[in-house]
Amino acid sequence: MSEATGGCDRSGAARKRLLLANPRGFCAGVERAIAAVERALEEYGPPVYVRRHIVHNQGVVDALAAKGAVFVRELAEVPQGAVTVLSAHGVPQAVLREAAERQLRTLDTTCPLVAKVHGEVVDHYHAGRHILLIGHQGHPEIVGTLGQVPRGAISVIGSLEDLAALSLPANTSVAFAVQTTFSVQDSAGIGAAILARFADVAAPRSSDICYATTNRQAAIEAIAAQADRIVVVGDRLSSNAKRLTEVARAAGCAEVALVDDAAALDPQWLDAARIVGLTAAASTPPDAVNAVCERLEALGFVAEESEGRRETAEFRPVAMTPIGELSLPERMETVRRDIERCLDKILRQADGRPSRLNEAMRYAVLGGGKRMRGLLTVLVAEMLGADYRQAVWVASAVECLHAQSLVHDDLPCMDDDDYRRGKPSLHRRFDEATAVLAGDALLALAFEMLADDKAHPDGSVRARLVLALARTIGKDGLALGQMMDLYPPPDATADEIARCEDLKTGVLLGYCVEAGTLLAGCDDEDRRKLIRFSEKLGLAFQIRDDILDRIGDESEVGKRLRKDRQSGRRTAVDAWGLDGARDHSIRLAASCRDELASFGQRARLLQQVADFAVTRMH
Ligand code: GRG
């Protein structure tokens, strides 16, 4: 954009000025909502469903639709279990309930400043006050706020006339709240009238009108009187865009146009103008604003940035709402799919050239396995309120490590197995050297992922994730367990067998649980209970593995069975007999319930994992 020079151009004609209001365009809440849809498309793949306009701008909606977002009016149009984004305007509680009932995986992009108003309204309702909501009847934000409390608890007030028409006695305890995009001036007038009419009024502690609306209205107010035309770039549906046109008129500019893009500008309307002011709604993308500026410059206007308030607001990214009511098989499938996607993306060759090592790593880690360890990480993290995406990332790292241990375990120098997960083991499909190196690379990848800030934004949490895994698999963990398995003491006792099984299997399951607690940052008491749960689960899981080695079906289990007996390796079945081992594993699963009791319903799926561990046939 050109810089301002003098008052005339070279021919001596008075220069035509374009005053750019500051700030204008996107606010932090809008950027956050759009980023959530884009990230969902990237991470989960299209289609991602979006209920209603994510923000009130058709250009934004069209751009997201072109990337694979599917916009719907109601959740009934969304397939069960699909990834669904709820709009930045906020939704009634009934919509959140419906999302849970339909088992949708929701990203609720409600602007945090709208959520603040929701919280205030709920508090006022519980305090027994009738709520006067200053806003525009029918606007999605108002519909969402109304839906936070039972019907009748709120009256919507759009004007002084609405307030006058309200038949509430003056001694009613009331509270008022304001739509975040309402006119600052109009809301001040209505607020004052409420205070004058009612004796007991709870007013918002700080303004409900958001910083972006306030700043954009102040910025256009500051330049409106100088301008003989004002252009507001925004969508006709956008409430804050419409408010900007009203504020500009009220501040002294009679000629105001709301345009959604450059093509909508009427050159004739601008013909006689010497000074044009320009602003843009909080939902208007920068591209649209720039295109309008360029069009005005092409018509001879010279742009000048006005003084204005600098905005520094930043909001935390939107997190996926935990899925409440999926059954364990459905949940396993969802997590399996997300881990698969995550690993597939990481193991895509950046340069597109086929690499034997990469191919072998993909062979080892993709397209197989129950993902029990990943599931455990995700369920614990989710139960404790951690971010779902971080949990899937860490779960994927654990699955890399697990795949490595299976690849090395199958090598001729170890367990010497030709089949794994229903297909030839890695060294059979490739060769031994490739199997060793693919395993090594998967091990390195697991640590690389844990050290990546996608695991957790806090470096000290990442360091603890890395340290705990190193301890889990090293000289006192998995490697030792494998060593004890390869070189068992003659006539191993039941305790020695249990210790070996714990190190081979239990410690890694323990790590999965610990990783979930680290991601969520839970307290020591909860952590201790969950670690005890994981120890019992680990042992129960491994005992079932021993039982399956005796009674399982090779095609179902996906690996060679009856090896233990042939190799003379003593297992839990030798120590306790088949029935004894079965009883022991079932008792262990039942006592997992004691460790989870204090978590209540939240631990429902974790308990089901324990029950699955001792009844599984694969
Ligand atoms: C990691 C440093 C380092 C060394 C590894 C090779 C080795 C040392 C350890 C082997 C550990 C091992 C293979 C234990 C068996 C655990 C077990 C029961 C595996 C089967 O797990 P499932 O049924 O398999 O969860 P899926 O295929 O469903 O993932």
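The present account deals with the structure reproduced in this document. (Residues numbered from 1 in each chain as written. Predicted model: local features only at pLDDT ≥ 70, side-chain atom pairs only at ≥ 80, totals over all residues. Heavy atoms only, no water.)

## Quick look at the overall build of the chain
The condition is simple: Only DSSP runs of H or I with at least four residues qualify as helices, and only runs of E with at least two residues qualify as strands; both kinds are numbered from the N terminus onward. Burial classification: accessible surface area is computed with a 1.4 Å probe over protein chains only, and a residue below 20% of its type maximum counts as buried, one above 50% as exposed, and the rest as partly exposed. We call two residues in contact whenever any of their non-hydrogen atoms come within 4.5 Å of each other. Surface exposure here means Shrake-Rupley accessible area, sampled with a 1.4 Å probe, where a residue is shielded only by the protein chains that are shown. None of His or the chain ends enter the tally, which takes Lys and Arg as positive and Asp and Glu as negative. For this purpose, a charge sits on NZ of Lys, CZ of Arg, CG of Asp or CD of Glu.
Counting secondary structure elements, the chain contains 25 helices and 15 strands. C-alpha atoms of the chain, sized along the principal axes, occupy 100 × 65 × 40 Å. The buried share among the 618 residues of the chain stands at 52%. Of the contacts made within the chain by residues no fewer than 6 positions apart, 73% connect residues no fewer than 24 positions apart. About 27100 Å² of surface is accessible on the chain, with carbon and sulfur atoms providing 51% of the total. Taking the average location of the 75 positive side-chain charges in the chain and that of its 87 negative ones, the two points are 1 Å from each other.

## Quick look at empty space enclosed by the protein
Note the following rule: Here a cavity means grid points, on a 1 Å grid over the protein atoms only, where a 1.4 Å probe fits yet cannot get out; a pocket means an open set of points with protein on both sides within 12 Å along at least five of seven lines; lining residues are those with an atom within 4 Å of a point. Grid points are joined across faces, edges and corners, and a volume is the space filled by probe spheres set on the points.
Tallying each qualifying case throughout the model produces 4 cavities of 30 Å³ or more. In this structure, the largest cavity occupies an estimated 300 Å³ of space. The wall of the largest cavity is formed by 23 residues, among which Val30, His89, Thr180, Thr181 and Asn240 lie closest to the centre. For the lining of the largest cavity, the secondary structure elements donating two or more residues are α1 (28-44), α4 (112-126), α8 (211-224) and α9 (239-250). If one sorts the elements of the lining of the largest cavity by residue count, α8 sits on top with 3 residues.

## Description of the sheet that holds strand β4 (residues 83-86)
Stated precisely, the cut-off is as follows: Only strands that DSSP links by at least two bridges are regarded as paired with each other. Axis definition: a line fitted to C-alpha atoms, over the contacting stretch in the case of helices. Angles run 0 to 180 degrees between N-to-C directions.
In spatial order, the strands read β3-β2-β4-β5; together these 4 strands make up an open sheet with parallel pairing. Pairing within the sheet leaves two strands with one partner each, and these edge strands are β3 (69-72) and β5 (105-108). Neighbour to neighbour, the strand axes of the sheet diverge by 25° on average, direction disregarded. Pairing of strand β2 (residues 48-51) with β4, which is carried by 3 bridges, proceeds in the parallel orientation. Across the sheet, the residue bridging to Tyr49 is Thr84, located in β4.

## Side note on the pattern of salt bridges
Here the idea is simple: oppositely charged side chains can pair when their charged atoms come close. In plain terms, the rule: Salt bridges are counted wherever a side-chain nitrogen of Lys or Arg sits within 4 Å of a carboxyl oxygen of Asp or Glu.
Following the criterion strictly, the structure yields 35 salt bridges and no others. The shortest N-O distance in the salt bridge between Lys67 and Glu38 comes to 2.9 Å. Note that Lys67 is positioned in the loop between α2 (58-66) and β3 and Glu38 in helix α1, a separation of 29 residues in sequence. Judged by relative accessible area, which is 48%, Lys67 ranks as partly exposed. The partly exposed category is assigned to Glu38, whose relative accessible area is 31%. One salt bridge connects Arg362 with Asp344, and the closest N-O pair in it is separated by 2.6 Å.

## Details of the site of the ligand
Applied cut-off: Whether a residue is near a molecule or strand depends on its heavy atoms: it is near if one of them lies within 4 Å of it. N or O atoms within 3.5 Å of each other form a polar contact, as long as, within protein, one can give a hydrogen and the other can take it, and as long as residues adjacent in sequence are counted only when both atoms are side-chain atoms. Each molecule is checked against the cavity or pocket grid, and it sits inside if more than half of its atoms lie within 2 Å of the grid points.
Inspection of the region around the ligand gives 20 residues, with Lys370, Arg373, His402, Gln404 and Arg421 positioned closest. Between the ligand and the protein, one listed contact pairs an oxygen atom with a side-chain N or O atom of His402 at 2.8 Å. Protein burial of the ligand: of its 750 Å² of free accessible surface, 90% is covered by the chains. When atom positions are compared with the pocket grids, the ligand is found to occupy the largest pocket. Those elements that provide at least two residues to the shell around the ligand are α15 (388-410), α19 (478-486), α20 (494-520) and α21 (524-551). With 7 residues, α15 is the single largest residue contributor to the shell around the ligand.

## Details of the packing of aromatic side chains
This is how the line gets drawn: Only rings of Phe, Tyr and Trp enter the pairing, Trp through its six-membered ring, and a pair is recorded when the two centres are within 6.5 Å. The plane angle decides the type: under 30 degrees is stacked, over 60 is edge-to-face, the rest tilted. Placement of a positive charge over a ring is assigned whenever Lys NZ or Arg CZ falls within 6 Å of the ring centre and within 35 degrees of the normal to the ring plane.
This structure, assessed with the given rule, holds 1 aromatic pair. Relative to Phe430, the ring of Tyr363 has its centre 5.6 Å away and its plane inclined at 70°; by these criteria the two rings are edge-to-face. Taken together, the residues span a long stretch of sequence, with Tyr363 in helix α13 (residues 356-365) and Phe430 in the loop between α16 (426-429) and α17 (432-451) at a distance of 67 residues. When its relative accessible area of 11% is taken as the criterion, Phe430 is described as buried. The residue whose ring lies beneath Arg229 is Trp269, and the NZ or CZ to ring-centre distance is 5.5 Å. When the ring centre of Phe430 is taken as origin, the NZ or CZ atom of Arg429, which lies over that ring, is 4.5 Å away.

## Points about unusual backbone geometry
Cis geometry marks the peptide bond from Asn22 to Pro23; its omega dihedral reads 0°. Secondary-structure assignment places Pro23 in the loop between β1 (16-20) and α1. Between Pro46 and Pro47 the backbone carries a cis peptide bond, its omega angle lying at -5°. Summarising the element assignment, Pro47 is placed in the loop between α1 and β2.

## Notes on the sheet that holds strand β6 (residues 130-134)
If you walk across this open sheet you meet the 4 strands as β7-β6-β8-β9, and the pairing is parallel. In the strand order of this sheet, the two ends are held by β7 (154-157) and β9 (200-202), each with one partner. Averaged over all adjacent pairs, the angle separating strand axes in this sheet is 25°, with direction ignored. As defined by bridge partners, strand β8 (residues 173-178) adjoins β9 across 3 bridges and the pair is classed as parallel. Bridge pairing links Ser173 to Asp200 in β9. Contacts between α4 and the sheet are confined to β6, β7, β8 and β9, with β8 contributing the most and set at about 175° to the helix. Contacting β6, β7, β8 and β9, helix α7 (residues 184-197) runs over the sheet at an angle of about 155° to β6.

## What to know about the packing of α1 against helix α12 (residues 328-346)
Which entries qualify depends on this criterion: For classification purposes, an angle smaller than 35 degrees is called roughly parallel, one larger than 145 roughly antiparallel, one from 65 to 115 roughly perpendicular, and anything else oblique. Three residue categories are used. Nonpolar comprises Ala, Val, Leu, Ile, Met, Phe, Trp, Tyr, Cys and Pro, charged comprises Asp, Glu, Lys and Arg, and polar comprises the others, including Gly.
Where α1 contacts α12, the two axes come as close as 9 Å, and the packing angle between them is 85°. Relative to α12, the element α1 is oriented roughly perpendicular. In this structure, α1 contributes Glu42, Glu43 and Tyr44 to the contact, and α12 contributes Asp338, Arg341 and Lys345. When the residues that make up the contact of α1 with α12 are grouped by side-chain class, the tally is 1 nonpolar, no polar and 5 charged.

## Structural notes on the packing of α12 against helix α14 (residues 372-383)
Viewed as axis vectors pointing N to C, α12 and α14 meet at an angle of 105°, and their least axial separation amounts to 10 Å. Comparing their axes, α14 and α12 come out roughly perpendicular. Contact residues: α12 offers Leu328, Arg331, Met332, Val335 and Ile339, while α14 offers Met372, Gly374, Leu375, Val378, Leu379 and Glu382. Partitioned by chemical class, the residues of the contact of α12 with α14 number 8 nonpolar, 1 polar and 2 charged.

## Some thoughts on the side chain of Thr245
Within the fold, Thr245 resides in helix α9. Each residue touching Thr245, except ones within four places of it in the same chain, is listed here: Val232, Val256 and Leu258.

## Digging into the layout of surface pockets
Inclusion rule: What marks off one domain from the next here is an automatic or database domain assignment.
Of the voids in this model, the largest pocket is the one considered here, and its volume is about 1200 Å³. When contributions to the lining of the largest pocket are tallied by element, the ones reaching two or more residues are α14, α15, α19, α20, α21, α22 (554-557) and α23 (563-567). No other element matches the 7 residues that α15 contributes to the lining of the largest pocket. Estimates place the volume of the second largest pocket at around 960 Å³. Together, 34 residues line the second largest pocket, and Glu43, Asp387, Arg389, Gln390 and Lys454 are the ones closest to its centre. Looking at the lining of the second largest pocket, the elements with two or more residues in it are α1, α12, α15 and α20. With 6 residues, the single largest contributor to the lining of the second largest pocket is α12. Of the residues that make up the lining of the second largest pocket, three or more belong to each of domain 1 (16-110 + 211-311) and domain 3 (340-615).

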